[in-house]
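Secondary and tertiary structure notes
Given next are the chains, with one letter for each unit.
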Amino acid sequence: MAKRGGFPGGAMPGNMANLMKQAQRMQRQMEEGQKNLETMEFTAKTGGGAVEAVVNGKKELLRLNLAEDIVDPEDIETLQDAILAAVNEALRQAEEASSEMMGKMTGGLGGLPF
């Protein structure tokens, strides 16, 4: 009975082998890029610099710095809003950097046959 599918002798044709090598190389580059991104820090300030949030590429809040003049016990809402704005902006920067890295890594995938 004849064997269906596959390639003669089980070998991949040259183009397929090259494609697999490229995919493996891209995977290594993506892993390296992800590790690099995770060590990066993203900083955002709000309230005229009174609130500073620092996050990493893993989207973890590393530091939150507050100027003394932003802390007003009679106006907690302003402090809360400034903290939220700073943290969200720092997280947005981290996400943007991640998307940019992924775009660079996958930019050449448009010509793949799938």
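The structure under discussion appears in the preceding block.
One structure accompanies this document, and this report is about it. (Residues numbered from 1 in each chain as written. Predicted model: local features only at pLDDT ≥ 70, side-chain atom pairs only at ≥ 80, totals over all residues. Heavy atoms only, no water.)

1. Let's talk about the pairing of strand β3 (residues 61-66)
Here 5 bridges tie strand β2 (residues 51-56) to β3, and the two strands are oriented antiparallel to one another. Bridge pairing in β3 places V51 opposite L66. Once β2 ends, the chain turns through 4 residues before running back antiparallel as β3, passing K59 with a positive phi of about 65°. (Pairing = 2+ DSSP bridges. Helix = DSSP H or I, 4+ residues; strand = E, 2+ residues; numbered from the N terminus.)

2. Description of the environment of I70
Here I70 shows up in the loop between β3 and α2 (76-106). For I70, a relative accessible area of 13% gives the class buried. Apart from the residues within four sequence positions on either side, I70 is in contact with A50, V51 and L79. (Buried < 20%, exposed > 50% of the residue type's maximum accessible area, 1.4 Å probe, protein only. Contact = heavy atoms within 4.5 Å.)

3. Some details on the nonpolar core
Grouped together as the largest cluster of nonpolar side chains are 8 residues: A50, V51, A53, I70, L79, A82, A86 and V87. Elements supplying a minimum of two residues to this core: β2 and α2. L37, A90, A94 and A97 belong to the second-largest nonpolar core, a separate cluster that totals 7 residues. (Core = buried A, V, L, I, M, F, W, Y, C linked by side-chain atoms within 4.5 Å.)

4. Focus on the side chain of T46
If you trace the backbone, T46 turns up in strand β1 (residues 41-46). Within the structure, the side chain of T46 is placed 2.8 Å from the backbone oxygen of A82, a separation counted as a polar contact. Discounting residues that sit within four places of it in the chain, T46 has contacts with V51, A82, A85 and A86. (Polar contact = N/O pair within 3.5 Å; in protein donor to acceptor, adjacent residues only side chain to side chain.)

5. Regarding a nonpolar patch on the surface
There is a patch of nonpolar side chains on the surface, built from L61, L64, L66 and V71 and spanning about 320 Å² of accessible area. Along the chain, the position of L66 falls in strand β3. (Patch = residues over 30% accessible without salt bridge, like charges linked within 9 Å, V, L, I, M, F, W, Y side chains within 5 Å. Areas by Shrake-Rupley, 256 points an atom, 1.4 Å probe, with all protein chains shown as cover. Salt bridge = Lys/Arg side-chain N within 4 Å of Asp/Glu carboxyl O.)

6. With respect to a negative patch on the surface
A surface patch of like charges, here negative, comprises D72, E74, D75, E77 and D81. Structurally, D75 can be placed in the loop between β3 and α2. (Lys, Arg positive; Asp, Glu negative; His and termini not counted. Charge placed at Lys NZ, Arg CZ, Asp CG, Glu CD.)

7. Let's talk about the pattern of salt bridges
Overall, the coordinates contain 5 salt bridges when judged by the stated rule. Of the charged contacts, one joins R63 and E41 as a salt bridge, the two residues approaching to 3.0 Å between their closest N and O atoms. Of this pair, R63 sits in strand β3 while E41 is found in strand β1, placing the two residues 22 residues apart along the sequence. Take R63: its relative accessible area is 38%, and that puts it in the partly exposed class. If you follow the salt bridges from partner to partner, you end up with E89, R92 and E96 in one network.

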